[in-house]
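Listed below are the residues making up each chain.
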Amino acid sequence: MSLPKIEVPRYKCVLPVSQIEVSYRPFLVGEQKTLLVAQEGDDNQNSVSEIIRLLQACTEGDVDLISLPAPDVEYLFIKIRVASVGETSKMQLSCNQEDCNEMTVVELELDKVEIESDNNSNIVELTEGLSIELSPPNLFELAKIEEKVQQNSGIIVRGSEVSFQVLNKYISKVINEDEIITRDDFSDEELDIFMEGLTLDMLDKISKYLEGQPKLVLNLNYQCSKCDKMIEQKLSGIQNFFG
């Protein structure tokens, strides 16, 4: 006698940036184990590849996860995680009161994660008549960015290290007066030369756009276990939602 086939529930959500509706199932037991190994790995790009593979299995390949903006993939990951093991996650957070810094265990309500963005347009005007169009990076590109920062390479913009290679990943078009030059019309080398000709003020405008990219946020309000003060804190980025 063969064992029965287990019916797994399916859910739907709308991705907040691309507004694509996605159907998904929870992680299975074997996938949970693989996920833990991937999250504990030191190679960001390999970890991202494995997470994408698991998400594709949960969505049955109905959506191209690699091309999606990073916040959409992170949002989908949290929705699948909630369907798999529940809506909460516990982690330790440090009190932000002076002379305290006590670590308090806080229960995060993952279903209250939101998307926050300071950008109203993806067009950055460098000078009158010259603008660039920037696209949100995918999860692989964000992993590469993190590696670049860790390697201390690049130029310093608004206190953050951002290399030309990183900035190049965002630029999809250069708009010069009435002429629109798409990413297929110029090489990486040509873009490097273009970037090297920018002023620090222009780079500052680009950096402000990057800082205002859509991101996952979770607003917290909890009581410190030592000083009893009520702490308001905002977590940003999926890596900060799991202890």
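The structure displayed is predicted, hence computed values, not measured ones.

## Regarding a negative patch on the surface
1) Next: Together, Glu125, Glu128, Glu177 and Asp178 give the surface a local cluster of negative charge.
2) Next: Glu128 sits in the exposed class, given a relative accessible area of 78%.

## Things to note about the sheet that holds strand β10 (residues 171-176)
1) Next: Read across the open sheet, the 4 strands follow the order β6-β7-β10-β11; overall the sheet is antiparallel. Unpaired on one side and paired on the other, β6 (123-127) and β11 (179-182) mark the two borders of the sheet. Pairs of neighbouring strands in the sheet enclose a mean axial angle of 20°, with direction left out of account.
2) Next: Note that strand β7 (residues 130-134) and β10 share 5 bridges and pair antiparallel. Of the residues in β10, the one forming a bridge with Glu133 is Lys173.

## Remarks on the side chain of Ser23
1) Next: Tracing the backbone through its elements, the reader meets Ser23 in strand β2 (residues 21-24).
2) Next: Among the polar contacts listed, one links the side chain of Ser23 to the side chain of Arg10, at a separation of 3.1 Å.
3) Next: Not counting the four nearest positions on each side in its chain, Ser23 is found in contact with Arg10, Tyr11, Lys12, Cys58 and Thr59.

## Some points on the pattern of salt bridges
1) Next: In this structure the tally under the stated criterion is 8 salt bridges.
2) Next: Of the charged contacts, one joins Glu50 and Arg53 as a salt bridge, the two residues approaching to 2.5 Å between their closest N and O atoms. Of the two residues, Glu50 and Arg53 are both situated in helix α2 (residues 44-59); the distance of 3 residues between them amounts to about one turn of the helix.
3) Next: The exposure class assigned to Arg53 is partly exposed, which follows from its relative accessible area of 43%.
4) Next: Residues Lys215 and Glu116 are paired through a salt bridge, measuring 3.9 Å at the closest nitrogen-oxygen approach. With Lys215 in strand β12 (residues 215-223) and Glu116 in strand β5 (residues 114-116), this pair connects stretches of sequence that are 99 residues apart.
5) Next: Residue Glu116 is classed as partly exposed on the basis of its relative accessible area of 24%.
6) Next: Among the ionic contacts, a cluster of salt bridges with common partners joins Glu116, Lys215 and Lys234.

Definitions and limits used
- Residues numbered from 1 in each chain as written.
- Predicted model: local features only at pLDDT ≥ 70, side-chain atom pairs only at ≥ 80, totals over all residues.
- Heavy atoms only, no water.
- Patch = residues over 30% accessible without salt bridge, like charges linked within 9 Å, V, L, I, M, F, W, Y side chains within 5 Å.
- Areas by Shrake-Rupley, 256 points an atom, 1.4 Å probe, with all protein chains shown as cover.
- Salt bridge = Lys/Arg side-chain N within 4 Å of Asp/Glu carboxyl O.
- Lys, Arg positive; Asp, Glu negative; His and termini not counted.
- Charge placed at Lys NZ, Arg CZ, Asp CG, Glu CD.
- Buried < 20%, exposed > 50% of the residue type's maximum accessible area, 1.4 Å probe, protein only.
- Pairing = 2+ DSSP bridges.
- Helix = DSSP H or I, 4+ residues; strand = E, 2+ residues; numbered from the N terminus.
- Axes fitted to C-alpha atoms, helices over the stretch in contact; angles between N-to-C directions.
- Polar contact = N/O pair within 3.5 Å; in protein donor to acceptor, adjacent residues only side chain to side chain.
- Contact = heavy atoms within 4.5 Å.

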